[in-house]
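Spelled out from the first residue to the last, the chains are:
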Amino acid sequence: MATEILRPNAPGDFTQIDNRVGASSNYACVNDNSDATYVQDAYGGDFVWQVDAYNLQNTAIPTGSTINSVSVVHRSLSLNGSFPDVVTSRAGVRLNGISVDGIIRSPPATPTNYIDANMLRPGGGSWTLGDLNALQVQLTLHGHSSFWMPRAFDIYVIIDYTVPVVHSLQRVMNPRAG
């Protein structure tokens, strides 16, 4: 088995998270594995889930490979400490207009990595290689007030796959056979 990481490279179907720091677009704030750039629910007092979807770079997985699993990793924190079930972050995947959400997290005051392993394919069925270039990663933030705000630094998708085994048959020909 092998893995490939796909990072956001463009806005997806929607951009609702209302504050970004360190880059000119939301997707650029969460695609660089850096805590210096981030998106944040800056007005948490509105009690609204803010959701961004991001397109992903194209896959380089070889044709004929089997997709074993799709997982999403995101890194987030809660300003001024954890406020369980109120200040939250959540990752997910989106394909062909259908979203599947991961687990709702209540991050602490320090940046923390979360993984949602083995995400279900939106719309059902098994993941295919063709799904990956249309796949979007989704990030949801929800705050409580201007004091209790979630912040997300990074989000990406990990594809676990198996490269096809190529069998070759070699014929030995006997030039003397009749």
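Cut-offs and rules
Residues numbered from 1 in each chain as written. Predicted model: local features only at pLDDT ≥ 70, side-chain atom pairs only at ≥ 80, totals over all residues. Heavy atoms only, no water. Core = buried A, V, L, I, M, F, W, Y, C linked by side-chain atoms within 4.5 Å. Buried < 20%, exposed > 50% of the residue type's maximum accessible area, 1.4 Å probe, protein only. Helix = DSSP H or I, 4+ residues; strand = E, 2+ residues; numbered from the N terminus. Phe/Tyr/Trp six-rings, centres within 6.5 Å; stacked < 30°, edge-to-face > 60°. Lys NZ or Arg CZ within 6 Å of the ring centre and 35° of its normal. Contact = heavy atoms within 4.5 Å.

**Q** Looking at this structure, how should I read the nonpolar core?
**A** Side chains that are nonpolar tend, in soluble globular proteins, to be buried together. One finds V39, V70, L135, L139 and V157 to be the most contacted residues of the largest nonpolar core, which totals 27 residues. At the level of secondary structure, the elements contributing two or more residues to this core comprise strand 5 (50–56), strand 6 (66–78), strand 7 (88–95), strand 10 (136–142) and strand 11 (150–162). If you look at the next biggest cluster of nonpolar residues, it comprises 5 residues, including Y38, L77, M149 and F153.

**Q** Just to check I follow, could you spell out the environment of G97 for this structure?
**A** Relative to the helices and strands, G97 is located in the loop between strand 7 and strand 8 (98–101). Sequence spacing of G97 and Q136 is 39 residues, and the spatial spacing of their C-alpha atoms is 9.5 Å.

**Q** It is not clear to me how the packing of aromatic side chains should be interpreted in this structure. Could you clarify?
**A** Remark: the centre distance and the inter-plane angle together describe each pair of aromatic rings, the angle taken between the planes. Counted according to the given criterion, the structure contains 1 aromatic pair. Aromatic side chains Y38 and F153 sit 5.8 Å apart centroid to centroid with 70 degrees between the ring planes, which places their arrangement in the edge-to-face category. In this pair, Y38 sits in strand 4 (residues 38–40) while F153 sits in strand 11, placing the two residues 115 residues apart along the sequence. Among the residues examined, F153 registers a relative accessible area of 3% and is labelled buried. Seen from the ring of W49, R90 lies directly overhead, with NZ or CZ sitting 4.8 Å from the centre. In this structure, R151 is placed above the aromatic ring of Y38, and the distance from its NZ or CZ to the ring centre is 3.8 Å.

**Q** Quick question: what am I supposed to make of the environment of A117 here?
**A** Among the structural elements, A117 can be located in the loop between strand 9 (112–116) and helix 2 (129–132). Sequence separation of A117 and I158 is 41 residues, and the distance between their C-alpha atoms is 8.8 Å. Residue contacts for A117: discarding those within four places in its chain leaves V70 and S71.

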